[in-house]
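What the coordinates show
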Amino acid sequence: MSGNESETKLVNFAMANATRRKITNFLANGDRSTEEIGGIVGKAMLDFHLKILQQASLIELEEETVKLSEYGRNFLKSKKEKVAEEIVDFSQAKPVEIAEVRQLLPCIADSSKFRVIANMAPPPGGILKVLEPLFPKGSYSDRTGGLITQKGEIITTIYGTGKVSIRMIKNESEAREVLESLRNIINEAIAKGVAPAPRKKVRVELMEIYKYLPQTNCGKCSEQSCYSFAIKLMAGEVTLDKCKLLKEPEYTGNQERLQVLTEYI
Amino acid sequence: MKSVFYLLDTAPYSSEKAFGALNAAAVSLNGMNVTLGLYGDGVYLAAAGQDSRKLGVPNLADILYAYGELKVIVHEPSLVERDLLGETLIETLELTDEEDFFEAIEGSDCLILL
Amino acid sequence: MKTLTIVLTDGPYISEYAEIACKLAETALKQYQVNIFLYLDAVHIPKGGQNPSFFTNAGELFSGLAEKGAVIRACARCAAARGYFPEEEIGGSNCRDYFPGIKITSLYELSEMLTKSDRVISLSR
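Right, let's walk through the structure included here. Note that the structure is predicted; figures quoted are calculated from it, not measured. (Residues numbered from 1 in each chain as written. Chains lettered and ligands numbered in written order. Predicted model: local features only at pLDDT ≥ 70, side-chain atom pairs only at ≥ 80, totals over all residues. Heavy atoms only, no water.)

With that settled, the discussion passes to the overall build of chain C. Tallying secondary structure elements over chain C gives 4 helices and 5 strands in all. When the helices and strands of chain C are read in sequence order from the N terminus, they spell out β-α-β-α-β-α-β-α-β. Relative to a compact globule of 125 residues, whose C-alpha radius of gyration would be 14 Å, chain C shows 13 Å and is just as compact. Considering only residue pairs separated by 6 or more positions, chain C has 76% of its internal contacts joining residues 24 or more positions apart. Summed over all atoms, the accessible surface of chain C reaches about 6,100 Å², with 52% contributed by carbon and sulfur. (Helix = DSSP H or I, 4+ residues; strand = E, 2+ residues; numbered from the N terminus. Rg over C-alpha atoms; globule rule 2.2 N^0.38 Å. Contact = heavy atoms within 4.5 Å. Areas by Shrake-Rupley, 256 points an atom, 1.4 Å probe, with all protein chains shown as cover.)

Written as structure tokens, this is what we have:
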């Protein structure tokens, strides 16, 4: 591992924690005392978090004052410009191959179906986000670095590291078909060498969300009805886990569907 | 019980425990909020790039990818103690400090140690 | 009636957990419904024909619990790995190598037990 690479990993590690992201964002507006930071994120684990940020060279500690390092400042800035960089990267992207289908696991929502894990090489990495528009129902998650797509019942997630997970698969040959078409779509785009035009997000309709809710108006989510819960979901004011009924086994299928739908909101 | 916390503190592949915890957590997704907490040597399960083909056992990292809706939290101080700080970790995991880790345990209806 | 579920992962004698679980269950049974799920090495506990020199026979203890109304189930994957297979049900057990009253079921049974429980105790090393 080169020094540079291990440095990036330290930074990724440092930024993979919500408390530390809070600290760096707080510092972006100017130097702070440890006292002030403790007031925001709590004192119990403060030393631990500051040490990790310091090891990643993101911050500098002087006496009781904490400030973003030059490197940390550039890092936060570069994060905002990352999207533009990735599009430049796209012309360098290499065609992908499906290296292996690794295992079949039972599906939770429907025991007659399977989940499949496969490997894609080389790892698609940052180009995944750019590929999003290629899939009619595709959604890229910045948090996990994964691209979720859906076709009929089948839900596929591709991760930057090349892992591909497919849900609601009948058998291995169906999995191979899905993977084959995935590979072709991606490689066609790569062959063109131009990033696909960004599209507007898939519009999720209120009624579609409502359709999959239990529609019992049980009130356990402290909303008056499932319909008003759907409205709040659309507005991002509540999260799906507030609906207690969805956790009942009979609604597992609905919950899985809603999880995907809410990703698009 | 509406939620369950599975605590894993042994390394993957050394015993059946990690595999057992993953399976139990996966079946529990049916009807409960499930969190899998990696603690102590259990944090080795978080390492990316696992290859178990020569061992002839299932790839445990793949199971994590397959059940993406499973919430997996990793105890950071355990990672630091084992000098795993600079390692590439599986991207779907969440790193938590000591406080958040124990909050997650307390917030669950029951705790199952394997 | 409230329900207690105990999850075990240790085989008999290697630790005290089988015995502790038994004592807990025995007391709890006076007021509550008790489930015991045998996972990993714990699937050895109900094996028939045990003859420990210095300990109480764990299989007999658990069979006694089942007789008093405890629901005791063993994970099918763990059981098969260790040579116990489910067959036709005789005497409340579906495994010829097991004591009466203890059945081999799928792991999904664990999830069912947990969902319906008011308290869960796991004993594991």
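All names here are of chain C. On the secondary structure map, Asn57 appears in the loop between β2 (33-38) and α2 (58-67). Engagement of the side chain of Asn57 in a polar contact is seen with the backbone nitrogen of Gly59, the distance being 3.0 Å. When residues no more than four places from it in sequence are discounted, the contact partners of Asn57 are Tyr13, Gln50, Pro52 and Phe99. (Polar contact = N/O pair within 3.5 Å; in protein donor to acceptor, adjacent residues only side chain to side chain.)

As a further point, take a nonpolar patch on the surface. Residues and elements named next belong to chain A. Taken together, the side chains of Met207, Tyr227 and Ile231 make up a nonpolar region of the molecular surface, amounting to roughly 280 Å² of accessible area. Among the secondary structure elements, Met207 is positioned in helix α8 (residues 206-212). Judged by relative accessible area, Met207 falls into the partly exposed class, the value being 49%. (Patch = residues over 30% accessible without salt bridge, like charges linked within 9 Å, V, L, I, M, F, W, Y side chains within 5 Å. Salt bridge = Lys/Arg side-chain N within 4 Å of Asp/Glu carboxyl O. Buried < 20%, exposed > 50% of the residue type's maximum accessible area, 1.4 Å probe, protein only.)

For the rest of this paragraph, the subject is helix α1 (residues 17-28) of chain B. With 12 residues, α1(B) should cover 16 Å at 1.5 Å per step; its first-to-last C-alpha distance of 16 Å lies within 8% of that length. Summarising burial for α1(B): 12 of the 12 residues are buried, a large majority. Along α1(B), the residues that are buried comprise Lys17(B), Ala18(B), Phe19(B), Gly20(B), Ala21(B), Leu22(B), Asn23(B), Ala24(B), Ala25(B), Ala26(B), Val27(B) and Ser28(B). Structurally, α1(B) contributes buried residues whose contacts are with β1 (3-8), β2 (33-38) and α2 (60-66) of chain B together with α3 (76-81) and α4 (108-115) of chain C. (Expected span 1.5 Å × (residues − 1).)

Taken together, Asp31(A), Glu60(A), Glu62(A), Glu63(A), Glu64(A) and Glu70(A) make up a surface patch of like negative charges. Mapped onto the elements, Glu62(A) comes out in strand β2 (residues 59-62). (Lys, Arg positive; Asp, Glu negative; His and termini not counted. Charge placed at Lys NZ, Arg CZ, Asp CG, Glu CD.)

All names here are of chain C. In this structure the tally under the stated criterion is 0 disulfides over all chains. Just so you know, Cys95 is unpaired, no disulfide at all, and the nearest cysteine sulfur is the one on Cys75, 13 Å from it. Residue Cys95 is classed as buried on the basis of its relative accessible area, which comes to 4%. (Disulfide = S-S within 2.5 Å.)

Attention shifts here to the pairing of strand β7 (residues 146-151) of chain A. Residue and element names in this part refer to chain A. When you tally the buried positions in β7, you get 5 out of 6 residues, the bulk of the element. Bridge count between strand β6 (residues 138-141) and β7: 4 bridges; the pairing is antiparallel. Note that in β7 the partner of Tyr140 across the bridge is Leu147. Following β6, the chain reverses through 4 residues before pairing antiparallel with β7; Gly145 in that reversal takes a positive phi of roughly 65 degrees. Pairing geometry for β7 and strand β8 (residues 154-159), over 6 bridges, is antiparallel. (Pairing = 2+ DSSP bridges.)

Residue and element names in this part refer to chain A. Interaxial distance between helix α2 (residues 18-27) and helix α4 (residues 46-55) falls to 10 Å at its minimum, and their mutual angle equals 70 degrees. By the angle between their directions, the pair α2 and α4 is classed as roughly perpendicular. Mapping the contact onto sequence places Thr19, Arg20, Ile23 and Thr24 in α2 and Leu46, Phe48, His49, Leu50, Ile52 and Leu53 in α4. Grouping the constituent residues of the contact of α2 with α4 by class yields 6 nonpolar, 3 polar and 1 charged. (Axes fitted to C-alpha atoms, helices over the stretch in contact; angles between N-to-C directions. Parallel < 35°, antiparallel > 145°, perpendicular 65-115°, else oblique. Nonpolar A, V, L, I, M, F, W, Y, C, P; charged D, E, K, R; others polar.)

This part covers the pairing of β2(A). Residue and element names in this part refer to chain A. The sheet contact formed by β2 and strand β3 (residues 65-68) spans 4 bridges and is antiparallel. Bridge pairing in β3 links Leu61 to Val66. Hairpin connection, β2 to β3: the antiparallel pair is bridged by 2 residues, and Glu63 has positive phi, about 50 degrees.

Further remarks concern the packing of α1(B) against α4(C). Closest axis-to-axis distance for the α1(B)/α4(C) pair is 8 Å, and the angle between their directions is 60 degrees. Our classification of the angle between α1(B) and α4(C) gives oblique. The crossing of α1(B) and α4(C) is right-handed. In contact with Ala24(B), Val27(B) and Ser28(B) of α1(B), α4(C) contributes Tyr108(C), Leu110(C), Ser111(C) and Leu114(C). (Left-handed = near helix turned anticlockwise from the far one by under 90°.)

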